[in-house]
Amino acid sequence: MAEREEQGQEERQIVVFSLAGETCGMDISAVREIIRMPQVTRLPSAPRFVEGVANLRGNVIPILDLRKRLHQEAVAPDKETRVVVVDGGDGDIGVIVDAVTEVLRIPEDAVEGAGAGAEGREHVRGIVNMGERLIVLLDMTKVIAPRERDEALA
Amino acid sequence: MAEPRAQAGDTADRELAVFAEEAAELLQSLEDGLLRLERAPDDRGELSELFRAAHTLKGTSAMVGLAGMSEVTHVMEDFFSAVRDGQATISSAVTDTLLESVDMLKEMRRRFSVGEPVAEPPTAHLSLLRGLTGGAPPARRDAPELAALASALEASAAAQEVLRRARSAGHKAYSVCVEFEEPPDRAGVRCYQILNALEESAVAIESVPSKADLDHGAPVQRFAALVAAGVGKGELRAAVSAVTGVRSVAIRAWRRPPPGEEPPRTEFAVSPEAQARRTMRVDLERLDGLMNTVGELVVDRTRMGELARVLQRKYERDAVVQELCGTSAHLFRLVDELNDAMSQVRMVPISTLFATFPRMVRDLARNTAKVVEFRLEGEETELDRGVINEIKDAVIHLLRNAVDHGIEGPAERQAAGKPEAGTVLVAARHEQGRIVVSVEDDGSGIDAALVSARAVDRGLVTQQAAERMSDGDIWDLLFEPGFSTSERVTETSGRGVGMDVVRRSVSAVGGLVELQSVHGSGTTVTLRLPLTLATFQGLLVRVGEALFAIPVSYVQETAKLDRQGVSTVLGAEVLRLRGGTVPLVRMSELYGDGGASSNTPGGAVVVVRAGERPLALGVDELLAQRDVVAKPLQAMESCEGIAGTSVLGDGTVALILDTPALIAKVSRERGRAAR
């Protein structure tokens, strides 16, 4: 764990997770907690990527399948599957990911804007270049944005 | 778990919170009073209420260091005096200025309550406000500070004692009022420097802002202190003037009541809060937390009762189990009582919702150059605060619609042979154990033919179905999500903006919304709401793997579902019921995966009714009737057919059926064929 702290270097922390074979990340400030797959109640007439709702200590929160949200093939949950609970503005929202691997501290300038926001990559905020590996940094506000617009894109 | 709050350290915070809350009430009564006075300028009682509100606010705001608020309310108070003495009069223009002041004060209060810096009132507005009083002499600049010092002194026995001792030792009391250069640079520090300078030759008894407020870093434009000194004014002045940043110093011998602060005349006597307090204020967040906890208790006690019964069957003769069952039954009753008491605590008069309406209607009408006679009825009707919160936006929305789109302009009204002023009535009343809130206008109404034509255009109904529709069916179309965004209908018919949102929020609390309109002569929207939101009785049903809760207020009856009872009319299933027929919908087709469960033997039907239309819902299994605590569907603004969710005793989530929306949908899809 060689963490370099340069003088005056802005840092950010990201939660790193895997999704459909890619390594992705999201800003830790959006994350409330990370839980195992809860029991999900299906929500009729909800968008395809909404898995349903779940009881999180007495609060009922919607659960999104990030694979379906990003038009990847859905898979059945296994013991690695995690739900990242993020602040959705109006309330918390759970996001299903394949596995959560680590929390990384990265220098601000490691985030490159490559391809961010481009056609088909509306949910990408940037690419984190960590030398030997690349992390796709997702813009969670876009991921959980009101669905009407994105339905049109889907 | 919520973090335990520090109990001891936040006394000052709590006092500030009490001020902020009281100020909000006073400002609201100022606004209401101004609106009433505008219509009845000769109402002496109203005038004296206004004076009292301004006077109280002047004192309390000065005490918490809000010199700007104190100054504005002082000028308002002067104006009300002038009106009383016949030196000034009330007009719409004057009311505009005063309402603007109230808005400004509201913003100050808001900023103060959330800890943002509070800006001084703009000089231009102050002089405009002062101008209202006409020739009356401008108030002494330091009058608010002097008043605040007097209040602070009155509030502190210790300070009075210091003053008494100093006086008996031959010292004299002075007030020292300081105005800083603008902008005040580190004024808080300057205040301390001034106090230090004064204390070299005097004893500081009170100050405004107080030391505690200075420590909180409240921005300061002006500073005042009450001191007792053996030396003269000159020496004090010299000491204070030596501090940098001081623009002017005013030192006066202290007298009570202080100069410039005339005691209010008897007509305006400020009533002392002499009576012992029988009520107390509670933070709404705490109340909501308590209510949530009670809600969970209700759910758990139901679950516990069930478990106790299971145990009892299993170990009938076990004494411990018997005792457990007894205790459980007792707990059951206690929780019931607690729940009822909680509902009572949460009952508030609907005037808390209506309070902002007169101002809103006035401004809307002025902006759209309409003349609107606005009336409120049944403001004292009580209902659950939670219900009020849920429907607040809906009612505001309906009111806006009524003024914006319902009421026509004066010329148009005259041409139609109506009185120039349109009437909008918002009323609340009890009716058969429910609260009915209606928004009524005598405006242009809605053209039913246009609405149905539009619905056909948008593919919501077929031409054929549209022709068979009753007016009631047509009004239902206005509540459809697809319909609401249509601007053309808004302009021509004057309705339909966000009515789907209105229905959703009303359904979410288990209520109903109805619309009636006569083209050319007005529209009435009626909300039927439950008295309380805390818990409601829900019928739990299973559809496939999903659990649904149907509020029993919509349930007419339940029955077994057998083949013989079902017929097909025009390709749609109906249930034969005592000689009549009711449209039948299999919930598995609507909400399930469309799997095989729809023909499961042993299924049941639930006949629901909203308004006049019954509907039979085919479900797989009837489970139980339960107390249900509704949880909003967070962060999901729309999910058709679902009004909310509820967590059951074992932690599973049941979906609360949006019954009225479902009935409307089926009724629309089938036209009138099934009747």
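Not measured: the values here are computed from a predicted model.

Q: Tell me about the overall build of chain A, residues and numbers included.
A: When helices and strands are tallied, chain A shows three helices and 11 strands. Going from the N terminus to the C terminus, chain A shows its helices and strands as β-β-β-β-β-α-β-β-β-β-β-β-α-α. The 154 residues of chain A split such that 45% are buried. When contacts within chain A are restricted to residue pairs at least 6 apart in sequence, long-range pairs at least 24 apart make up 53% of them.

Q: Now, about the pairing of strand 8 (residues 422-431) of chain B: what can you tell me, with residues and values included?
A: Moving residue by residue along a regular strand, the side chains alternate between the two faces of the sheet. Residue and element names in this part refer to chain B. As defined by bridge partners, strand 6 (residues 372-377) adjoins strand 8 across six bridges and the pair is classed as parallel. Its bridge partner lying in strand 8, Glu373 is registered against Thr423. Taken together, the eight bridges between strand 8 and strand 9 (residues 434-441) define a ladder with antiparallel strand orientation. Along strand 9, the bridge assignment pairs Val426 with Val439. Between the end of strand 8 and the start of strand 9, which pair antiparallel, lie two residues, with Gln432 showing a positive phi angle near 50 degrees.

Q: If you had to explain the sheet that holds strand 19 (residues 613-619) of chain B to someone new, which residues and values would you point to?
A: Residue and element names in this part refer to chain B. Here six strands make up an open sheet; going across it, the order is 14-18-19-17-16-15 and the pairing mixed. On the outer flanks of this sheet lie strand 14 (555-560) and strand 15 (566-569), each paired with one strand and no other. With direction set aside, neighbouring strand axes in the sheet form an average angle of 35 degrees. Both strand 16 (residues 572-577) and strand 17 (residues 580-586) contribute to a ladder of four bridges, which runs antiparallel. Across the sheet, Val574 pairs through a bridge with Pro583, a residue of strand 17.

Q: Kindly report on the side chain of Thr381(B), identifying the contributing residues and their values.
A: Residues and elements named next belong to chain B. As for its placement among the helices and strands, Thr381 is situated in the loop between strand 6 and strand 7 (382-384). Within polar-contact distance, the side chain of Thr381 engages the backbone oxygen of Ala428 at 3.4 Å. Those residues within four positions of Thr381 in sequence are excluded, and the remaining contacts are Val348, Pro349, Ile350, Ala428, Arg429, His430 and Ile435.

Q: Pulling in residues and values, what's your account of the packing of aromatic side chains?
A: This structure, assessed with the given rule, holds three aromatic pairs over all chains. The ring of Phe49(A) carries the charged tip of Arg69(A) above its face, separated from the ring centre by 4.6 Å. Positioned above the aromatic ring of Phe332(B) is the side chain of Arg301(B), whose terminal nitrogen or guanidinium carbon lies 3.9 Å from the ring centre.

Q: Explain the pattern of salt bridges to me, using residue names and the numbers behind them.
A: Residue and element names in this part refer to chain B. Counted by the stated rule, this structure contains 45 salt bridges over all chains. Asp363 is the salt-bridge partner of Arg359, the closest N and O atoms lying 3.0 Å from each other. Linking Arg359 with Asp363, this pair stays in helix 14 (residues 357-367), spanning four residues, or about one helical turn. On the basis of relative accessible area, Asp363 is assigned to the partly exposed category, the value being 25%. Residues Arg413 and Asp442 are paired through a salt bridge, measuring 3.0 Å at the closest nitrogen-oxygen approach. Note that Arg413 is positioned in helix 16 (residues 410-415) and Asp442 in the loop between strand 9 and helix 17 (448-457), a separation of 29 residues in sequence. The structure contains a network of salt bridges with shared partners spanning Glu31, Glu38, Asp96, Asp103, Lys106, Arg359, Arg362, Asp363 and Arg366.

Q: Can you lay out the packing of helix 4 (residues 92-114) of chain B against helix 14 of chain B for me, pointing to particular residues and giving the numbers?
A: All names here are of chain B. Helix 14 packs onto helix 4 with a crossing angle of 125 degrees between their chain directions and a minimal axis gap of 13 Å. Relative to helix 14, the element helix 4 is oriented oblique. Of the two possible hands of crossing, helix 4 and helix 14 adopt the one that is left-handed. For the pair formed by helix 4 and helix 14, the contact residues are Ser92, Thr95, Asp96, Leu99 and Asp103 on the first element and Arg359, Arg362 and Arg366 on the second. Of the residues contributing to the contact of helix 4 with helix 14, the split by class is one nonpolar, two polar and five charged.

Reading guide: rules and limits
- Residue indices begin from 1 for each chain and proceed along its sequence in written order.
- Labels follow written order: the first chain is A, the first ligand is 1, and so on.
- At least 70 in pLDDT is required for a residue's local features to be given in this predicted model, at least 80 for side-chain atom pairs to be given and counted, and no such filter applies to totals for whole chains, interfaces and linings, which use all residues.
- Only heavy atoms go into the side-chain values, all of them from the structure, while hydrogens and water stay out.
- Elements are defined by DSSP. Helices are runs of H or I of four residues or more, strands are runs of E of two residues or more, and each kind is numbered from the N terminus.
- Relative accessible area decides the class of each residue, using a 1.4 Å probe on protein chains only: under 20% of the type maximum gives buried, over 50% gives exposed, and in between gives partly exposed.
- The contact rule is simple, with two residues in contact once any of their heavy atoms fall within 4.5 Å.
- One bridge is not enough; two strands pair if DSSP finds at least two bridges between them.
- Interaxial angles span 0 to 180 degrees and are taken between N-to-C directions of axes, which are lines fitted to C-alpha atoms, for helices over the stretch in contact.
- The definition of a polar contact used here is a pair of N or O atoms within 3.5 Å, where within protein one atom must be able to donate a hydrogen and the other to accept one, and adjacent residues in sequence count solely through side-chain atom pairs.
- What counts as a ring pair is set by centres within 6.5 Å for rings of Phe, Tyr and Trp (its six-membered ring), and what kind of pair is set by the plane angle: stacked under 30 degrees, edge-to-face over 60, tilted for all other angles.
- Placement of a positive charge over a ring is assigned whenever Lys NZ or Arg CZ falls within 6 Å of the ring centre and within 35 degrees of the normal to the ring plane.
- A side-chain nitrogen of Lys or Arg and a carboxyl oxygen of Asp or Glu constitute a salt bridge if their distance falls within 4 Å.
- Between 65 and 115 degrees an angle is taken as roughly perpendicular, under 35 as roughly parallel, over 145 as roughly antiparallel, and anywhere else as oblique.
- Handedness of a helix crossing follows the sense of rotation of the near helix relative to the far helix, less than a right angle counterclockwise being left-handed and clockwise being right-handed.
- Residue classes follow a fixed rule: Ala, Val, Leu, Ile, Met, Phe, Trp, Tyr, Cys and Pro count as nonpolar, while Asp, Glu, Lys and Arg count as charged, and any other residue, Gly among them, counts as polar.

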